[in-house]
Amino acid sequence: MDKKRRDFLKVAGISTLAGLGGTAVVDRLVSGSSPAAANASGAAQEAHGVEPKAHAPATAPTGKRYGMIVDTRKFQHDPSLGEKVEQACITAHNVPQFPEKKDDIKWIWMTDYENCFTEKSLLYKDEATEDHQVPVLCNHCDNPPCVRACPTKATFKNKDGLVIMDFHRCIGCRFCMAACPYGMRSFNWRNPRPFIKEINKHFPTRMRGVVEKCNFCAERIGVGEMPACVEACGNTKAMVFGDLNDPHSEIRKLLKENYTIQRKPSLGTHPSVFYIV
Ligand code: SF4
Ligand code: SF4
Ligand code: SF4
């Protein structure tokens with residue numbers, strides 16, 4: 001985080017920033033050569049009918065860039081899939097289930113189509129879209145504002161380009177929450193441990209004052225397994241995971257064969273989650 005951004009955050013206060021749309025606003029208010037400032041200029045170009053330049057993916061040390069395709073039609077066809085993917089993630093990652101909504105910790109959840117795709121026109125929307133619930137999770141952005149906002153490097157990109165967290169380094173400042181334009185991070189206002197139904201001893205639990213989010217199942221990918229939510233979809237192919245940098249991967253094949261959209265593409269975060277709608 002550069003000095004201008006730090007000074008601005010101090011003056012404005014984190015809660016004000018969250019209300020204004022987080023550091024996306026900061027990046028527009030402080031001039032400079034940050035990637036987000038460049039993206040803001042890309043959005044301006046778009047507004048004037050000029051196509052922003054194509055994004056060259058950042059190169060991770062392993063040369064990989066993992067991504068996911070969510071086929072929303074499959075979730076519409078089988079509404080039980082939503083519950084299955086949520087539960088799979090909760091069980092795998094010791095996600096606490098607090099009784100009160102204000103304390104909610106969420107890694108993946110179903111939401112209305114219009115909450116998910118806020119940049120899509122919903123004027124005269126069709127019936128399917130009206131009732132549509134789609135899963136949302138961290139987009140593992142290729143240009144992640146949460147990583148830039150984190151002062152302790154508790155949030156970082158790993159060797160495969162996944163945006164993950166070291167919970168021990170998290171000081172609970174919540175800058176990353178203000179910076180994420182998708183609201184994909186949760187804060188533990190209370191001690192989560194008593195609210196974990198069945199503890200998975202192979203994954204760490206968290207403590208009060210720590211942020212958490214979907215980690216693209218980094219711990220499973222590392223041992224050659226698929227993410228828990230993908231596995232929970234069985235053979236439906238409602239969620240497909242793979243290396244976006246591998247031209248022969250299934251995910252690249254699906255991207256070639258289907259029209260897909262990303263969430264808030266104009267922000268220049270370059271999400272790694274694509275939706276077939
Ligand atoms: S979706 Fe939010 S939390 Fe996830 S990488 Fe992007 S900015 Fe960070
Ligand atoms: S809350 Fe934790 S992860 Fe988020 S910015 Fe602060 S230290 Fe980093
Ligand atoms: S990829 Fe893993 S961590 Fe992310 S939502 Fe799916 S199960 Fe949860």
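Residues numbered from 1 in each chain as written. Chains lettered and ligands numbered in written order. Predicted model: local features only at pLDDT ≥ 70, side-chain atom pairs only at ≥ 80, totals over all residues. Heavy atoms only, no water.

### With respect to the packing of aromatic side chains
Tallying each qualifying case throughout the model produces 7 aromatic pairs. Centre to centre, the rings of Phe98 and Phe195 are 4.7 Å apart; their planes meet at 50°, and the pair counts as tilted. Note that Phe98 is positioned in the loop between α6 (80-93) and β2 (108-112) and Phe195 in the loop between β6 (186-187) and β7 (211-212), a separation of 97 residues in sequence. Given a relative accessible area of 9%, Phe98 falls into the buried group. The exposure class of Phe195 is partly exposed, given its relative accessible area of 22%. Residues Trp107 and Phe203 carry aromatic rings whose centres are separated by 6.1 Å and whose planes lie at 75° to one another, so their mutual orientation is edge-to-face. Remark: Phe203 occurs in the loop between β6 and β7 and Trp107 occurs in the loop between α6 and β2; sequence separation between them is 96 residues. With respect to class, Trp107 is no different from Phe203; both count as buried. (Phe/Tyr/Trp six-rings, centres within 6.5 Å; stacked < 30°, edge-to-face > 60°. Helix = DSSP H or I, 4+ residues; strand = E, 2+ residues; numbered from the N terminus. Buried < 20%, exposed > 50% of the residue type's maximum accessible area, 1.4 Å probe, protein only.)

### Digging into the site of ligand 3
Taken together, Cys89, His93, Trp107, Ile108, Leu137, Cys214, Asn215, Phe216, Cys217, Pro227, Ala228 and Cys229 make up all the residues around ligand 3. Going through the elements one at a time, α6 and α12 (228-232) are the ones with two or more residues in the shell around ligand 3. When its residues are assigned to classes, the shell around ligand 3 shows 10 nonpolar, 2 polar and no charged. (Near = heavy atom within 4 Å. Nonpolar A, V, L, I, M, F, W, Y, C, P; charged D, E, K, R; others polar.)

### Some remarks on the pairing of strand β3 (residues 133-137)
Of all 5 residues in β3, 4 are buried; the element is thus mostly enclosed. In terms of strand pairing, β2 meets β3 through 5 bridges, oriented antiparallel. Bridging across to β3, Thr111 finds its partner in Val134. (Pairing = 2+ DSSP bridges.)

### Some details on the site of ligand 1
Taken together, the residues surrounding ligand 1 are Cys138, Asn139, His140, Cys141, Pro145, Cys146, Val163, Cys180, Pro181, Tyr182, Arg185 and Lys213. When the residues that make up the shell around ligand 1 are grouped by side-chain class, the tally is 8 nonpolar, 2 polar and 2 charged.

### Overview of unusual backbone geometry
If you check the backbone angles, His140 has positive phi at about 45° while not being a glycine. Its location among the elements puts His140 in the loop between β3 and α9 (145-149).

### Topic: the sheet that holds strand β1 (residues 66-71)
Overall, mixed pairing links the 4 strands, which are arranged β8-β1-β10-β9 in an open sheet. If you trace the sheet from one side to the other, it starts and ends with β8 (239-243) and β9 (260-261), each paired once. Pairing analysis gives 2 bridges linking β9 to strand β10 (residues 273-276), with the strands arranged antiparallel. Residue pairing across strands places Ile261 opposite Tyr275, the latter belonging to β10. Against the sheet, helix α13 (residues 250-257) contacts β1, β8, β9 and β10, and its axis sits at roughly 115° relative to β8. (Contact = heavy atoms within 4.5 Å. Axes fitted to C-alpha atoms, helices over the stretch in contact; angles between N-to-C directions.)

### So, the environment of Arg65
Mapped onto the elements, Arg65 comes out in the loop between α4 (35-47) and β1. In the structure, Arg65 is positioned 177 residues away from Gly242 in sequence and 8.2 Å away in space, judged by C-alpha atoms.

### Here's the deal with the confidence of the model for the protein
Chain-level pLDDT for the protein is 83 on average; 78% of the residues reach the 70-or-more range. This model gives residues 1-53 a pLDDT under 50, and the stretch forms 56 contacts once residues within four places in sequence are excluded. (pLDDT = per-residue confidence, 0-100.)

### A look at the pairing of β10
A two-sided burial pattern is seen for β10, the buried positions comprising Val273 and Tyr275 on one face and Phe274 and Ile276 on the other. Note that β1 and β10 share 4 bridges and pair parallel. Within the sheet, the bridge partner assigned to Asp71 lies in β10 and is Ile276.

### A short note on the nonpolar core
Ranked by internal contacts, the top residues of the largest apolar core, which has 52 residues, are Met68, Phe75, Leu137, Phe216, Met239 and Tyr275. The element contributing the most residues to this core is α6, with 4 residues. Non-local contacts of Leu137, meaning those with residues more than four positions away in its chain, are made with Met68, Trp107, Ile108, Met184, Cys214, Phe216, Val273 and Tyr275. (Core = buried A, V, L, I, M, F, W, Y, C linked by side-chain atoms within 4.5 Å.)

### A short note on the pattern of salt bridges
One pass over the structure, following the stated rule, counts 13 salt bridges. The closest approach of N and O atoms between Lys102 and Asp103, which form a salt bridge, is 3.4 Å. Residue classification places Lys102 among the exposed positions, given a relative accessible area of 60%. Owing to a relative accessible area of 4%, Asp103 belongs among the buried residues under this scheme. The residue Asp160 makes a salt bridge to Lys159 at a minimum N-O spacing of 3.6 Å. (Salt bridge = Lys/Arg side-chain N within 4 Å of Asp/Glu carboxyl O.)

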